[in-house]
Every structure is written in structure tokens, then in C-alpha cells.
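# Observations on the three-dimensional arrangement
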Amino acid sequence: MPDQIRDDVTADVRTRTDPSIETAQSVVETGLDSGAVVTIFGECTVEYDGRAASTLGPGDRHVMCKPDGTVLVHTDEGHQPVNWQPPGCTHEVSVTDNLLTIESRRDNPDEQLVVAFDAVEHVAAFNITDPEELSLSGTEADLRQRILQDPSLIESGFTPLATERETAAGAVDVYGEDEDGRAVVLELKRRRVGPDAVGQLGRYVDALRRDLHAETGVRGILVAPSVTDRARSLLAERGLEFVALEP
Amino acid sequence: MAHRALVAYERPDGRYDVHTSRLGGLDCRLARRISHTDPYASGDVDPEPNVVARPFEHALTMVDLARHEAVYRVGIDYGIRTYLPLWFGLDHYVGPDAPADRGLVVAVDGPNDAARLRRWLQTAKGVLADGISEGVLGMTDAYRILEEAVRTRVDGEVHDPWQTDEY
């Protein structure tokens, strides 16, 4: 059956089932060049040379090449790959003697992994976007940025005055004033928090009270998606507050 | 504040440069995001070192157990070991008489391991704090119990940042 009939091509996925070696090479090369995750399934040998040396004889294996340079060689057993290369390696793809060869090299320490397929049963390239990772990286999605842009997320009349304000207990994330001019410390967390976050916030509030010689004028607000029951009762005992905000 | 972390990068001379990260303590994320092509995790780690050329045990003395949620030891080959600071402080439960700077730093296998240990510590501290509040447990006993429990529970490296004679 010609390759094309079994093609499955979307904007994010390109696959071939029972491809010729040359077609497989094309999918792997274009996939790696475009920063895709590439997987290859078929009969192959695996040679590793570096801190030790090893050889895996012919067998069916599923190989995954990631755009960060990671290579994973899996069999049908276990969650660990039988061989791998860490992030930071460079990939070379070639066809020699009708073998599709993936060569992964690492300079420090000097290591080389060579996977040679004599038959490829399936090859795929996936353009992966991980929204969770994107939401965690970059300051534009930062909870602190959102609060600075829209202080009313905390409460009406809140005015941020400084980030990373130093105190004897360490730098506080956001320092500001409420509408009555009282100092406010915000403790920002991106996950559900327990009593220890209340303890941290209390340390900042105590340190600021000493700095500002303000016995009662400093408010502490814990900002997080949610708090445990015990944390909520400790907040109340300590006269501290909580604002629920998703990251 | 935030999810702060310390990152110790090994130098060719075997000593470490220590950097800070404001959000890198969240879910042990820097263990996945630091690489030789992106050593400062796209800005997650402050590229300016806090201190340079120190032994790793000195980096541990920089840990604020209440504040830092992770410590990363980045080898010269960018192999990364993740550590979880375990803060024993009980002052927020039982009042200012409780010492606030006690605790241990332990190696963890990843975010799930860290989350389990963090939950376990929180539960243990809550139980001990109840014991102190009810007058059935002394402060010194509580810290001893916590330390022994951590050392029993954790298989790998356990560091007391202030007991430098263990190095």
C-alpha cells in the first residue's frame, strides 16, 4: 500500500505507517528541524558509547526524540527507557546501507547513541504546545503582574507601592497601602496553601511592624487559589486575611 | 513570598555559584527547565549570582527554611539534584516562644515526592502543635520527634544546614 494512503497530516501531527526508509527519514528530519517531538517504531539496533559502552541487538523499539535533545528508547516493558540521552544532545539523521540512523551526540561528557532501523513500521512528528508550561513561564501570566495591573483584584482602594520590598524576614512580593493608608503585605501563592504560608506571612507582617514602628497598622493578606481549614483558622487567630485568586 | 528557590551551579573548580529564583520553588519546576542551552530557565533564575565560588554546604546555609521551597544543585554536566527545605517552625501554631529557624534539607526525586513530603510534614507539625498546645508535649520533644521522623522517612540525603561538621 502506498505511503500516502495511510498518511495522517494535520497542522500539529504528521504520521506515516509502513513508510519507506526515505519517507521515514523525511518525516524525522523535517520534524526535528521544526522543533517537533518525533517518534519512530520499528526493528532497530542501539549502540551507546560514552562513560560505558553497550549494544542492543535487533528488536522492536519505540524511539522518541524531543526538541530539547532528549532521546528515549523504549521496549514493551517498564516505565524507564532501555537507553536514553539527556536534554542538550544534538541529533543527526541519515540513511546508509538502507538503514535509517538516528545519531545523538553529547559533548560533555562525550557520549554517543546510535539507533539504526532496518525497518520502520510507524513514524510521527507532533508539534506539541503545552498550555500548562506556557502559563507557568513568562511574566505576563504572573499572578503578581495581574495584581499590579488590576489592584482591585485584592480589594477596592488597594494601591501597590513596591515589589520585592526588603524586610528583616526577607523580600515581600507586593507591598502597598489600603484605602485608609494602612500598610499591606501580600503573600502570593499559586497553589492551595497550608499553615506554613500563614507562618511566612506572619513573619513579614511582624518584620514590617518593627520597621515601620506600627504596632497594629500592618495588614497581611494571603493570596492563593485556596487554603486548608487549619490555615484558615490560623489566619483568623493571627488577624491575617485571605483573598482567593487563581494563578 | 512567592515560591522562592536557590539554585547552586557547579563551577569547573567544583565550587558553586548560588542564584535565586522567585517562582522556581513551584512543583520543582527548575529540575525540568534548567539545561545547558537555557541555564537560567528563560528568566526564572536571576542570572546574577548571589554568591560565587562556595562549597555546596555553604549554599545550604543560605537556605531560609520558611521561605525557600526548593534548592537545586546543578552539576557541571547539568545533571540536577533537587532538595526540599523542611521548615520545623511552629511559632505560627503555638506562639513566639517556638524557635522559628529549625529544620532539615532533604533530597527528593521530583514534584510528586516533594508534594508528599510537604503534606506529611504539614500533618506532622499540626499534630505536634496540638500536643504542645494541650500541654502533653514539650517544644524540645516536638523538634526531636520531627527530626527523627524525617530521618526515618527519607532514604536519601538529609542535611542540617547548620550542622556543617557533617560534611
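Rules of the game
- Residues numbered from 1 in each chain as written.
- Chains lettered and ligands numbered in written order.
- Predicted model: local features only at pLDDT ≥ 70, side-chain atom pairs only at ≥ 80, totals over all residues.
- Heavy atoms only, no water.
- Helix = DSSP H or I, 4+ residues; strand = E, 2+ residues; numbered from the N terminus.
- Contact = heavy atoms within 4.5 Å.
- Areas by Shrake-Rupley, 256 points an atom, 1.4 Å probe, with all protein chains shown as cover.
- Salt bridge = Lys/Arg side-chain N within 4 Å of Asp/Glu carboxyl O.
- Buried < 20%, exposed > 50% of the residue type's maximum accessible area, 1.4 Å probe, protein only.
- Expected span 1.5 Å × (residues − 1).
- Pairing = 2+ DSSP bridges.
- Axes fitted to C-alpha atoms, helices over the stretch in contact; angles between N-to-C directions.
- Core = buried A, V, L, I, M, F, W, Y, C linked by side-chain atoms within 4.5 Å.
- Phe/Tyr/Trp six-rings, centres within 6.5 Å; stacked < 30°, edge-to-face > 60°.
- Lys NZ or Arg CZ within 6 Å of the ring centre and 35° of its normal.
- Buried area = accessible area lost by both parts, 1.4 Å probe.
- Polar contact = N/O pair within 3.5 Å; in protein donor to acceptor, adjacent residues only side chain to side chain.
- Nonpolar A, V, L, I, M, F, W, Y, C, P; charged D, E, K, R; others polar.

### With respect to the overall build of chain B
Looking only at helices and strands, one finds 5 helices and 7 strands in chain B. Helices and strands in chain B line up, N terminus first, as β-β-α-β-α-β-β-α-β-α-α-β. Contacts in chain B between residues far apart in sequence, at least 24 positions, make up 60% of those at least 6 positions apart. With an accessible surface of roughly 7400 Å², chain B has 47% of that area assigned to carbon and sulfur atoms.

### Some points on the pattern of salt bridges
Residues and elements named next belong to chain A. Scanning the entire structure with this criterion turns up 32 salt bridges over all chains. Arg-165 is paired through a salt bridge with Asp-211; the nearest N and O atoms lie 3.9 Å apart. Taken together, the positions of Arg-165 in strand E10 (residues 159-165) and Asp-211 in helix H4 (residues 195-212) put the pair 46 residues apart, joining distant regions of the chain. By relative accessible area, which is 38% here, Asp-211 ends up partly exposed. Measuring nitrogen to oxygen at the nearest pair gives 3.0 Å for the salt bridge that ties Arg-182 to Asp-178. According to the relative accessible area criterion, Arg-182 is partly exposed, its value standing at 37%. Overall, the relative accessible area of 5% leaves Asp-178 in the buried class. Residues joined by salt bridges that share partners form a network here, namely Glu-155, Asp-178, Asp-180, Arg-182, Arg-219 and Glu-241.

### Here we look at helix H5 (residues 139-153) of chain B
Over its 15 residues, H5(B) extends 21 Å from the first C-alpha to the last, a length consistent with the 21 Å expected when each residue adds 1.5 Å. On its buried side, H5(B) packs onto strand E5 (80-87), strand E6 (103-108) and helix H4 (111-133) of chain B.

### A few points about the side chain of Thr101(A)
Position of Thr101(A) among the secondary structure elements: in strand E8 (residues 99-106). For Thr101(A), the contacting residues outside a window of four places in its chain are Glu92(A), Val93(A), Ser94(A), Thr96(A), Val114(A), Val115(A) and Ala116(A).

### Remarks on the sheet that holds strand E7 (residues 158-159) of chain B
Sheets are built from strands that pair by backbone hydrogen bonding, the pairs being arranged parallel or antiparallel. All names here are of chain B. Sheet architecture is open: 7 strands sit in the order E3-E2-E1-E4-E5-E6-E7, paired in mixed fashion. Because the sheet does not close on itself, it has two edges, and the strands there are strand E3 (51-54) and E7. This element, H4, spans strand E4 (68-74), E5 and E6 of the sheet and lies at about 10° to E5. The sheet strands contacting H5 are E5, E6 and E7, and the helix crosses E6 at an angle near 10°.

### Some details on the nonpolar core
In this structure, Leu222(A), Val7(B), Ile34(B), Phe88(B), Leu90(B) and Val106(B) are the most contacted members of the largest nonpolar core, which totals 55 residues. Sequence-distant contacts of Val7(B), that is, excluding residues within four places in its chain, are made with Asp17(B), Val18(B), His19(B), Leu30(B), Ile34(B), Val45(B), Tyr72(B) and Val74(B). In this structure, Ala36(A), Val73(A), Val115(A) and Val120(A) belong to the second largest nonpolar core, which totals 24 residues.

### Concerning unusual backbone geometry
All names here are of chain A. Despite not being glycine, Asp-97 shows a phi value in the positive range, around 50°. Turning to its location among the elements, Asp-97 is positioned in the loop between strand E7 (90-96) and E8. A relative accessible area of 76% means that Asp-97 is categorised as exposed. Phi is positive for Asn-98, which is not a glycine, with a value near 60°.

### Considering the sheet that holds E10(A)
Residue and element names in this part refer to chain A. Ordered in space as E10-E11-E12-E13-E14, the 5 strands form an open sheet in which the pairing is mixed. Strands with a single pairing partner mark the edges of an open sheet, and in this sheet they are E10 and strand E14 (241-244). Strand-to-strand twist of the sheet, defined as the mean angle between neighbouring strand axes without regard to direction, takes the value 30°. Sheet analysis places E10 next to strand E11 (residues 172-177), joined by 5 bridges and oriented antiparallel. Bridge pairing links Ala-162 to Tyr-175 in E11. Sheet strands in contact with H4 are E10, E11, strand E12 (183-188) and strand E13 (218-224), and its direction is about 155° off that of E13.

### Here's the deal with the packing of aromatic side chains
Residue and element names in this part refer to chain B. Tallied over the entire structure, the rule returns 3 aromatic pairs over all chains. Pairing Tyr-9 with Tyr-40 gives two aromatic rings, centres 5.6 Å apart and planes at 80°, and the pair type is edge-to-face. Of this pair, Tyr-9 sits in strand E1 (residues 4-10) while Tyr-40 sits in the loop between helix H1 (30-33) and E3, and the two are 31 residues apart along the sequence. A residue is classified by how much of its surface remains accessible, and Tyr-9, at 8% relative accessible area, is buried. The partly exposed category is assigned to Tyr-40, whose relative accessible area is 30%. In this structure an aromatic cluster arises from ring pairing among Tyr-16, Phe-56 and Tyr-83. Positioned above the aromatic ring of Phe-56, the side-chain terminus of Arg-73 is 4.0 Å from the ring centre.

### Comments concerning the pairing of E13(A)
Side chains on a regular strand alternate between the two faces of the sheet. All names here are of chain A. Counting buried residues in E13 gives 7 out of 7 residues, a clear majority hidden from the surface. Burial of the side chains of E13 extends over both faces: Val-218, Gly-220, Leu-222 and Ala-224 are buried on one face and Arg-219, Ile-221 and Val-223 on the other. The sheet contact formed by E12 and E13 spans 6 bridges and is parallel. Paired with Leu-188 across the bridge in E13 is Val-223. In this structure, E13 lies alongside E14, joined through 4 bridges in parallel fashion.

### Let's talk about the interface of chain A and chain B
Taken together, the contacts link 32 residues of chain A with 25 residues of chain B. Across the chain A to chain B interface the summed buried area is about 2600 Å²; carbon plus sulfur atoms make up 43%. Considering only the surface of chain A that becomes buried against chain B, Arg191(A), Asp196(A) and Arg203(A) emerge as the three largest contributors, covering 25% of it. The tally of links from chain A across to chain B stands at 9 salt bridges. With its nearest N and O atoms 3.3 Å apart, the salt bridge here joins Asp173(A) to Arg4(B). For the pair chain A and chain B, the number of links is 18 residue pairs in polar contact (both at pLDDT 80 or more). Mapped by element, the contributors of at least two residues to the side of chain A that touches chain B are helix H2 (131-136), E11, E12, H4 and helix H5 (229-238) of chain A. A breakdown of the residues in the side of chain A that touches chain B according to their chemical character gives 11 nonpolar, 7 polar and 14 charged.

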